[in-house]
Structures are given as structure tokens and as C-alpha cells.
Amino acid sequence: MGYYLADEIYPNWSTFVKTISRLLGAKRKYFASKQESAIKDVERAFRVLQSRFAIVREPVRYWDEEMLANIMKVCIIMYNMIIEDEGAMNLGFDHERKVNSFISVSHGEIPELHVFLQTHNRIRNRATSSQLQEDLVEHLWEQYGNE
């Protein structure tokens, strides 16, 4: 299962690694500073993609991981191509209207209810969430904390 860097507004689930509120010790301070920096970078980049591509703004609950990765890669590549092209000429392309007209949503198969519920319960496990955060603090400190 993957995880996401998050702030205090998110629940204590095993898929969210939240900012540490009590910064006791150098390891935790180091982790918090690196996490907050990464969150800001990701949020800034995501806002740019959302402003350009409607598909990035839409809900993706039932899309598979590979499809989501491909969508994000394509949007990043297209964004970089647009930036390069805008330097040469501006054609006045209404990307909002054009992109929305080509979107078709396909949700594929929905997993069986019991599989969904098992996964949901694993995600909501608070003990796993706390352990993941502690493991990441230790890993980050071992890898980069002494620099």
C-alpha cells in the first residue's frame, strides 16, 4: 500500500503520513522540515497541472494505479511542451473547452465488496499509521540526517 504526505486535517490512516505536531528531537524536526518542503513542492506542481488539464481536476476513485500514473505523466509532458511552445507563439488555444470535450470516463471493474471492505479497514488502521511515520522518521534520519 502506498502513502501520501498530508497535514493535520487528514485522518490517522495508514495511507497518510501527517506532519509531526510535537517536534521533540532532531530526527523529528528534520523529518518535519523535509516533509513540509515536499508537500509545498507537490501542491504547487499539482495546482499548475489542475489549472491546465481538466482531467487532473476530476475524481479518480475507481481508476487503476497504472492509468493514473499514465495520465499524470502525459499531463506533465504536455505541460512542458506547452511551456516550450508558448515561448515561440501564442495561438489562443482554449484548453479548458477543448480538453473537456474529449474526456470520457471509464471506471472499469469495481472490486467485490468484501475486498473493498478489507482494504478500507487496512487503510484506517491507526497503529499502522503511527508505525509508518516512525519508520519514515528513522529512515530519513539514517539516510540524510547527518549531512
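Residues numbered from 1 in each chain as written. Predicted model: local features only at pLDDT ≥ 70, side-chain atom pairs only at ≥ 80, totals over all residues. Heavy atoms only, no water.

Here we look at the pattern of salt bridges
Overall, the coordinates contain three salt bridges when judged by the stated rule. Salt-bridge contacts for R28 lead to E134; the nearest nitrogen and oxygen are separated by 2.4 Å. Within this pair, whereas R28 is found in helix 1 (residues 26-52), its partner E134 is found in helix 6 (residues 126-144), the two being separated by 106 residues in sequence. Judged by its relative accessible area of 24%, R28 is partly exposed. With relative accessibility at 29%, the residue E134 sits in the partly exposed group. Between R44 and D41 there is a salt bridge whose closest N-O contact spans 3.3 Å. Taken together, the residues R44 and D41, both in helix 1 and three residues apart, mark about one turn of the helix. Residue R44 is classed as partly exposed on the basis of its relative accessible area, which comes to 46%. When its relative accessible area of 43% is taken as the criterion, D41 is described as partly exposed. (Salt bridge = Lys/Arg side-chain N within 4 Å of Asp/Glu carboxyl O. Helix = DSSP H or I, 4+ residues; strand = E, 2+ residues; numbered from the N terminus. Buried < 20%, exposed > 50% of the residue type's maximum accessible area, 1.4 Å probe, protein only.)

Observations regarding the layout of surface pockets
Space inside the largest pocket adds up to approximately 2200 Å³. Forming the boundary of the largest pocket are 43 residues, of which Y4, F16, V60, R61 and L68 lie nearest the centre. Only strand 1 (4-6), helix 1, helix 2 (54-57), helix 3 (65-88) and helix 5 (113-123) provide two or more residues apiece to the lining of the largest pocket. Considering every element that reaches the lining of the largest pocket, the biggest residue donor is helix 1, with nine residues. Its residues assigned to classes, the lining of the largest pocket comprises 29 nonpolar, five polar and nine charged. (1 Å grid on protein atoms, 1.4 Å probe; cavity = no way out; pocket = protein on both sides within 12 Å on 5 of 7 lines; lining within 4 Å. Points joined across faces, edges and corners; volume = space filled by probe spheres on them. Nonpolar A, V, L, I, M, F, W, Y, C, P; charged D, E, K, R; others polar.)

A closer look at a nonpolar patch on the surface
Side chains of L113, F116 and L117 sit close together on the surface and give an oily, nonpolar patch of about 300 Å² of accessible area. You can see F116 is positioned in helix 5. (Patch = residues over 30% accessible without salt bridge, like charges linked within 9 Å, V, L, I, M, F, W, Y side chains within 5 Å. Areas by Shrake-Rupley, 256 points an atom, 1.4 Å probe, with all protein chains shown as cover.)

Description of the packing of aromatic side chains
Aromatic rings in a pair are described by how distant their centres are and how their planes are angled relative to each other. Per the counting criterion, the structure on display carries four aromatic pairs. Ring geometry for Y4 against F16: centres 6.4 Å apart, planes inclined by 50 degrees, an arrangement best described as tilted. With Y4 in strand 1 and F16 in strand 2 (residues 16-18), this residue pair connects regions lying twelve residues apart in the sequence. Classification of F16 by relative accessible area gives buried; the value is 15%. Ring geometry for Y10 versus F16: centroids 4.9 Å apart, planes at 45 degrees, classification tilted. For Y10, a relative accessible area of 36% puts it in the partly exposed group. An aromatic cluster is present here, built from Y4, Y10, W13 and F16 joined pairwise through their rings. (Phe/Tyr/Trp six-rings, centres within 6.5 Å; stacked < 30°, edge-to-face > 60°.)

Description of the environment of R57
Relative to the elements of secondary structure, R57 occurs in helix 2. Between the alpha carbons of R57 and F46 there is a distance of 9.5 Å; along the sequence they are eleven residues apart.

Let's talk about the nonpolar core
Of all hydrophobic cores here, the largest spans eight residues; its members are V17, I20, Y30, F31, L132, L136, V137 and L140. Contributions of two or more residues to this core are made by helix 1 and helix 6. When residues of this core are assigned to their parent elements, the largest contribution, four residues, is made by helix 6. Contact partners of Y30, with chain neighbours within four places excluded, come to L140, W141, Y144 and G145. Residues L49, V56, I71 and C75 belong to the second largest nonpolar core, which totals six residues. (Core = buried A, V, L, I, M, F, W, Y, C linked by side-chain atoms within 4.5 Å. Contact = heavy atoms within 4.5 Å.)

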